[in-house]
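Here is what each chain is made of, one letter per residue.
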Amino acid sequence: MRQYLRKKITQELQELEQGNKKNEADGFYVFAFDNDIQHLKGFINGSPDTPYEGGYFQIDIVIPNEYPHKPPKMKFDTPIWHPNISSQTGAIGLDILQEQWSPILSIRTLLLSLQVLFCDPQPDSPQNAVVADQFKTNKVLFIKTAKEWTQNYAQKNEQKEKVSNLVQLGFDEEEVKEALIKKICK
């Protein structure tokens, strides 16, 4: 891996970590998966006043060798009911992950953009046509279904409790979180 790429990703991860230590206002967390700085796992909170509120969504992030000139590959690991996210594969339909990417963007800006996408779905450029149609024709059912999926698939209370219990037993919090993520991803 090019030294510049390693330095850039490390710097972005450190900035994200510093932001999380100050406060979790951004509502996301990112770490290198399996100590591979080009394979990250991200977690974002569902945006307030949306069907995703209260959810905690896992995202797989793969950084290409050409980063920052090419965007990361991102997909949701957590199932989600959203017009711009495939409920089958987790693929994300977001212009800045494709043709609108710019090297001045960062992992943080991508995660913020996903939170905005929670608030402002774009059903006219869907990743999931069925969900987009439901969003356009039966918004009440869309909201109900999205809330159910959030409740069924995106709850973090169980994870928080597991982490807390293991930390009380003397384990390192970051190591516990990474071990739980590895277990989920297998």
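Scroll up to find the structure.
Values in this document were obtained by computation on a predicted structure and should not be read as measured data.

Novice: Honestly, the side chain of Gln 134 in this entry has me stumped. Any pointers?
Specialist: Here Gln 134 shows up in helix α3 (residues 129-137). Aside from chain neighbours lying at most four places away, what touches Gln 134 is Trp 81, Lys 139, Leu 141, Phe 142 and Thr 145.

Novice: Mind showing me how you'd approach the pattern of salt bridges here?
Specialist: Taken as a whole and assessed by the stated rule, the structure comprises 6 salt bridges. Measuring nitrogen to oxygen at the nearest pair gives 3.0 Å for the salt bridge that ties Lys 8 to Glu 12. With Lys 8 and Glu 12 both in helix α1 (residues 3-22), this residue pair falls 4 residues apart, about one helical turn. The pair Lys 8 / Glu 12 is uniform in exposure class, with both members buried. Between Lys 144 and Glu 148 there is a salt bridge; the shortest N-O distance is 2.8 Å. In this pair, Lys 144 and Glu 148 are both assigned in helix α4 (residues 139-153), 4 residues apart and thus about one turn of the helix distant. Judged by its relative accessible area of 36%, Glu 148 falls in the partly exposed class. Where salt bridges share partners, they join Lys 41, Asp 60, Lys 75 and Asp 77 into one cluster.

Novice: In this structure, what is going on with the side chain of Thr 150? I would like to understand it.
Specialist: By the element assignment, Thr 150 lies in helix α4. At 3.2 Å, the side chain of Thr 150 forms a polar contact with the backbone oxygen of Pro 51. If sequence neighbours within four positions are ignored, Thr 150 has contacts with Pro 51, Tyr 52, Glu 53, Gly 55, Phe 57 and Gln 155.

Novice: Looking at this structure, how should I read the nonpolar core?
Specialist: One recurring pattern in soluble globular proteins: nonpolar side chains tend to sit buried together. One finds Ile 44, Met 74, Phe 76, Leu 111 and Leu 114 to be the most contacted residues of the largest nonpolar core, which totals 38 residues. No other element matches helix α2 (residues 107-119), which puts 6 residues into this core. Non-local contacts of Leu 111, meaning those with residues more than four positions away in its chain, are made with Phe 28, Val 30, Ile 44, Ile 59 and Met 74.

Novice: What am I meant to see in the environment of Phe 57 here?
Specialist: When you line up the elements, Phe 57 lands in strand β3 (residues 56-62). Looking at Phe 57, the relative accessible area reads 0%, which means it is buried. In contact with Phe 57, not counting residues within four places along its chain, are Gly 42, Phe 43, Ile 44, Gly 46, Tyr 52, Phe 76, Thr 78, Pro 79, Ile 80, Phe 118, Thr 150 and Ala 154.

Novice: What should I look at first to understand the packing of aromatic side chains in this one?
Specialist: Any two aromatic rings considered together are summarised by their centre-to-centre distance and by the angle between their planes. On inspection of all chains with the given rule, the structure shows 13 aromatic pairs. Pairing Tyr 52 with Phe 57 gives two aromatic rings, centres 6.2 Å apart and planes at 75°, and the pair type is edge-to-face. With a centroid separation of 5.4 Å and 65° between ring planes, the pair formed by Trp 149 and Tyr 153 is classed as edge-to-face. Separated by 4 residues within a single helix, Trp 149 and Tyr 153 lie in helix α4, roughly one turn from each other. Each member of the aromatic cluster is reached from another via a ring pair, and the members are Tyr 29, Phe 31, Phe 43 and Tyr 56. Cation over ring: Lys 41 sits above Phe 33, and NZ or CZ is 5.2 Å from the ring centre.

Here is what the cut-offs are and how they apply
Along each chain, numbering runs from 1 in the same order as the chain's sequence is written. Totals for whole chains, interfaces and linings use every residue, but because this is a predicted model, local features are given only for residues with pLDDT of at least 70 and side-chain atom pairs only at 80 or more, for both listing and counting. Values shown for side chains rest on all heavy atoms present in the structure; no hydrogens or waters enter the calculation. Helix and strand definitions here come from DSSP, where helices need a minimum of 4 consecutive H or I residues and strands a minimum of 2 consecutive E residues; each element is numbered from the N-terminal end. Here, residues are in contact when the closest pair of their heavy atoms is within 4.5 Å. Should a side-chain nitrogen of Lys or Arg be within 4 Å of a carboxyl oxygen of Asp or Glu, the pair is scored as a salt bridge. Only protein chains enter the calculation, and the probe is 1.4 Å; a residue is then buried if its accessible area is under 20% of its type maximum, exposed if over 50%, and partly exposed in between. In protein, a polar contact means a hydrogen-donor-capable atom and an acceptor-capable atom, both N or O and within 3.5 Å, with residues adjacent in sequence counting only if both atoms are side-chain atoms; elsewhere, any N or O pair within 3.5 Å suffices. Throughout, nonpolar core names a set of buried Ala, Val, Leu, Ile, Met, Phe, Trp, Tyr and Cys residues whose side chains join them through atoms within 4.5 Å. Note on aromatic pairs: the rings of Phe, Tyr and Trp (six-membered ring only in Trp) are paired at centre separations within 6.5 Å, and the planes decide the class, stacked below 30 degrees, edge-to-face beyond 60, tilted for the rest. We count a charge as sitting over a ring when the NZ of a lysine or the CZ of an arginine lies within 6 Å of the ring centre and within 35 degrees of the ring normal.

Any functional reading would require information that these geometric values do not contain.
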